[in-house]
Amino acid sequence: MATLVTGAAGRLGGAVARSLSEKGMRVIATDMHDLKIEKGGGTTGLLVDGDFHRVDLRDMKEVQGLPWEDIERVVHVAAFPGPSREVSPGVILERAKDPKIGLETVSQSELLIGNVASAWNIMECAARAGTKRLVFSSSAFSYGYSHDPVAFVPKYLPIDEDHPQLPYETYGLSKVIGELSASLLARASSRYMYMIRTSYVSLEFTNIIKKEAFDSLPWPDPSPEPRESRKIGQNGEKLLNFGPEYLPTLLMWGYTHEDDVVDAHILALDAELPAEDKGHSRIIISANTTRYATPTQRLLSRHFPKEISEKIILRPGALAECENFSVLDNKKAKQVLGWNPRCWQNDEKNLENSEKFPKVLENSERFPTILTCEPTEEGTYDFPLVATKLEFGEYLENAWVRYAIHGEMNKEKSNIILLLTSFDATHRDVTYHIRPGGTLDPTKFCVIVINHLGNGESYSPSHSPPWSSHPRYPRCVSPFDQARVISLLLDSLGIEKVQLAYGYSMGAIHSLHLAASDPERIRRVAGICGGVRACPTNKVFLESLRHCIFASEGWDDKSYWFSPSSPKSLSAMRKAFARIYAGWGVSSEFYETAEYEKIGYESLEDFSIQSYEAGFQTGDMNNLLAQIDTWRSADLSRGFEGSLADALGSMRCPVLLMPCTTDKYFLAEEIKDVCQSLSHGIYRPINSSWGHRAGDPWRETQEHQANLIRESVNDFLQVDSKV
């Protein structure tokens, strides 16, 4: 059986045909032009006699006349290979005068009809013949190439396959229609189980760099100065301001080495496609960087007016390892095809030729990661996560972890303290710990505050609602998952040893899981009002919170998503949620002795409203649910085949545990038993009626608890650790 390659007289189609032939595969080639016979390796010389057919693919009868009984797979390359020279209506001609790309001489309508007809004819015949796979040479121009270089403004960067396709001319439109044709045929045949169904791969590649031109990369930035945002036209209208030199349309910033494009087509013939693609996979093909020496963010600010460039969202979950990250996300190509593209930053000759670009950063040098979803406050950064498999089998995709840094990291990176956030807390809520002479002293240590996944700062359900194109937040991100992500972050920062992992409540859970799963890195752990599992009593509390959400108007069990029907219903649900918390957060003694009156509240009702309801009136309920699911899955023994003794034995570092004697979540007696089972456990209870809140002493009347924790932690930092 053979592979049909269309457009074999062209450079790309011919290269694909040659590559397949060199691999010992039979190739049937077609084109509307004769093949050029090149001595010593030309296209025709690699084909079996009679295996070239001169066919106009726009004619269905000619396509039907191909030897389909011998064809098992198809690579459809034939097409008008780029946009028409004819400018789309509405484009200012002055802006289109320097396209920086070779354009086709045919009209826009001729190009559209030709590309669409040839694609449909080949796809329909392939489906009827029962071929196994059809690879369609599509284009990244389908996302929005325009003769006007600033007409296309992406919703976000890097662009992935979920980004809307917004063509401005008929070449991009023809590729969108070609992809829709593949989806149509895959969908239509999926209804009939007895049919041999053809699967489809659309490769959306950007500008091909010929191998002889690859050494010219990287290119300099042709617009050295940021352009003015606006200028005033003759009639007083506001116009975008252009200088004599400007960058081409954003999609042309990407590039791909021609051999990598050929490889992608070959790999796509046999790749296992994701089930969720339902028989048609769209895959972006692009190198890891832009073709320019200038960092991408700077290109954006120079190419677009400020009011436009500031609105383009940078996706932390897909950020590249360097400042020149591509505007096109090639993650799916790497995952599905096993494709590894060439890049000018990985080519020694290109590196020697350029003195203008930032080097590729090694993990130990990537401190800090500055590119973020939106500008964050000073000292706060995002660490991008690619596809990460989780404990319960789900995947975390296109995610990020947000962290804040207080103090200076020394040259040896040996002065690190981690502060892990608690339930519904962010890096801003825990700064009271971090001050000179405080619990965590930034003049002595570099304190890194890490937002756990689900808290609204790091990747959370609120970033991926069911109606968005972003992959959904997993049903459960366990404490072991949180610990693994923290280890990945530390790897990226080149941190080999952590002097202390500090956490309160859920932060303590994560600190203990981190010490058990990364024992060679963590030198000490301080767990305040937290433990190694969610005990049965704790789960009763957590289940009451979950069912408060489940019983609310607006909960959809199928999508596992809460969408309030009205502001009133949302407020009522938040109030109920807070009232459950009020019954568990402090001790019975706190209420029985009216401790709340001693700290300034007029009544029990006033305390419940001001101290609990106020704290949840702005919370995202789906984020809260995700954090509950993380908390209730806490069980350190699960990572050690159910043996808590083995789990505790894995912790080689000293561990300070400070439960409150009246805590209803993490019972002091259980914490004491855990401490006694540790090789180097220190048990220092907090005697207080404040219950669980004793471990979070930011309130003015909690000086006793604050002082005890500060003194205990400072003493603990002097304890010798063999890690």
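Residues numbered from 1 in each chain as written. Predicted model: local features only at pLDDT ≥ 70, side-chain atom pairs only at ≥ 80, totals over all residues. Heavy atoms only, no water.

Let's talk about the overall build of the chain
Helix and strand content of the chain: 20 helices and 25 strands. For the chain, restricting intrachain contacts to residue pairs at least 6 apart in sequence, the fraction spanning at least 24 positions comes to 76%. Working note: accessible area of the chain is about 31,000 Å², and carbon and sulfur atoms make up 50% of it. (Helix = DSSP H or I, 4+ residues; strand = E, 2+ residues; numbered from the N terminus. Contact = heavy atoms within 4.5 Å. Areas by Shrake-Rupley, 256 points an atom, 1.4 Å probe, with all protein chains shown as cover.)

What about the packing of helix α11 (residues 506–517) against helix α17 (residues 621–632)?
The contact between α11 and α17 brings their axes to 11 Å, and the two run at 50°. In terms of orientation, α11 and α17 fall into the oblique class. You can see that α11 and α17 cross each other, and the crossing is left-handed. Facing α11, whose interface residues are Met506, Ile509 and His510, α17 presents Gln627, Thr630 and Trp631. Here the residues of the contact of α11 with α17 sort into 3 nonpolar, 3 polar and no charged. (Axes fitted to C-alpha atoms, helices over the stretch in contact; angles between N-to-C directions. Parallel < 35°, antiparallel > 145°, perpendicular 65-115°, else oblique. Left-handed = near helix turned anticlockwise from the far one by under 90°. Nonpolar A, V, L, I, M, F, W, Y, C, P; charged D, E, K, R; others polar.)

A word on the side chain of Ser464
Locating Ser464 in the fold gives a position in the loop between β19 (446–450) and α10 (479–492). Among the polar contacts made by the side chain of Ser464, one reaches the main-chain amide nitrogen of Tyr473 at a distance of 3.1 Å. In contact with Ser464, other than residues within four places in its own chain, are Tyr459, His470, Pro471, Arg472 and Tyr473. (Polar contact = N/O pair within 3.5 Å; in protein donor to acceptor, adjacent residues only side chain to side chain.)

Some points on the pattern of salt bridges
The tally for this structure, following the rule as stated, stands at 29 salt bridges. Residue Glu457 is joined to Arg428 by a salt bridge in which the shortest nitrogen-to-oxygen separation is 2.6 Å. Separated by 29 residues along the polypeptide, Glu457 in the loop between β19 and α10 and Arg428 in the loop between β18 (416–420) and β19 bring together distant segments of the chain. Classification of Arg428 as partly exposed rests on a relative accessible area of 43%. Within this structure, Asp382, Arg402, Arg428 and Glu457 form a network of salt bridges that share partners. (Salt bridge = Lys/Arg side-chain N within 4 Å of Asp/Glu carboxyl O. Buried < 20%, exposed > 50% of the residue type's maximum accessible area, 1.4 Å probe, protein only.)

Digging into the nonpolar core
Membership of the largest hydrophobic core comes to 111 residues, with the highest contact counts inside it found for Leu418, Ile448, Phe577, Tyr581 and Trp631. Look past the residues within four positions of Tyr581 in its chain and what remains in contact with it is Phe423, Phe541, Leu545, Tyr612, Phe616, Trp631 and Tyr665. Counting residues in each nonpolar core, the second largest holds 29 residues, with Tyr145, Phe152, Leu157 and Ile308 among its members. (Core = buried A, V, L, I, M, F, W, Y, C linked by side-chain atoms within 4.5 Å.)

Considering the sheet that holds strand β21 (residues 525–528)
Ordered by their spatial adjacency, 8 strands build an open sheet running β14-β17-β19-β18-β20-β21-β24-β25, and the pairing between neighbours is mixed. In this open sheet, the two strands that pair with only one neighbour each are β14 (380–385) and β25 (681–683). Sheet twist, expressed as the average angle between the axes of neighbouring strands with direction ignored, equals 20°. Across 6 bridges, the pairing between β14 and strand β17 (residues 399–406) is antiparallel. Bridging from a neighbouring strand, Asp382 pairs with Arg402 of β17. Here α10 sits on the sheet and contacts β14, β17, β18 and β19; the angle it forms with β14, its principal contact strand, is near 110°. The sheet strands contacting α11 are β18, β20 (500–504), β21 and β24 (655–658), and the helix crosses β20 at an angle near 150°. (Pairing = 2+ DSSP bridges.)

Some thoughts on the packing of helix α1 (residues 11–22) against helix α5 (residues 258–268)
When two helices pack together, their arrangement is captured by the angle between the axes and the distance separating the axes. Remark: α1 packs on α5, axes separated minimally by 10 Å, with the N-to-C direction vectors making an angle of 60°. As summarised for this structure, α1 and α5 are arranged oblique, according to the angle between their axes. Regarding α1 and α5, the two cross each other, and that crossing is right-handed. Contacts from Arg11, Leu12, Ala15, Val16, Ser19 and Leu20 in α1 reach Glu258, Val261, Val262, His265 and Ile266 in α5.

A closer look at the environment of Ser464
Since its relative accessible area comes to 0%, Ser464 is described here as buried. A polar atom in the side chain of Ser464 sits 3.3 Å from the side chain of Tyr459.

A look at the packing of aromatic side chains
To describe a pair of aromatic rings, one takes the distance between the centres and the angle between the planes. Tallied over the entire structure, the rule returns 30 aromatic pairs. A centroid spacing of 4.5 Å and a plane angle of 10° characterise the contact between Phe141 and Tyr145, whose relative ring orientation is stacked. Classification of Phe141 as buried rests on a relative accessible area of 4%. On the accessibility criterion, Tyr145 (1% relative accessible area) is buried. Taken together, a centroid distance of 6.3 Å and an interplanar angle of 75° make the contact between Trp219 and Tyr292 edge-to-face. Placement of the pair is Trp219 in the loop between β8 (208–209) and β9 (231–232) and Tyr292 in the loop between β12 (280–285) and α6 (296–303), with a sequence separation of 73 residues. Accessibility expressed as a relative area gives 30% for Trp219, which makes it partly exposed. Ring pairs connect the aromatic residues Phe423, Phe541, Phe577, Tyr581, Trp584, Phe616, Trp631, Tyr665 and Phe666, which therefore count as one cluster. It is Arg475 that lies over the ring of Tyr560; its NZ or CZ is 3.8 Å from the centre. (Phe/Tyr/Trp six-rings, centres within 6.5 Å; stacked < 30°, edge-to-face > 60°. Lys NZ or Arg CZ within 6 Å of the ring centre and 35° of its normal.)

Describing the confidence of the model for the chain
Per-chain confidence: the chain averages 86 in pLDDT, with 86% of residues scoring 70 or above. This model gives residues 348–376 a pLDDT under 50, and the stretch forms 72 contacts once residues within four places in sequence are excluded. (pLDDT = per-residue confidence, 0-100.)

A few points about the pairing of strand β4 (residues 71–76)
When you tally the buried positions in β4, you get 5 out of 6 residues, the bulk of the element. As defined by bridge partners, strand β1 (residues 2–6) adjoins β4 across 5 bridges and the pair is classed as parallel. The residue of β4 that forms the bridge with Thr6 is His76. Sheet topology places β4 next to strand β5 (residues 133–137); 4 bridges connect them, and they run parallel. Residue pairing for β5: Val75 is matched across the bridge by Val135.

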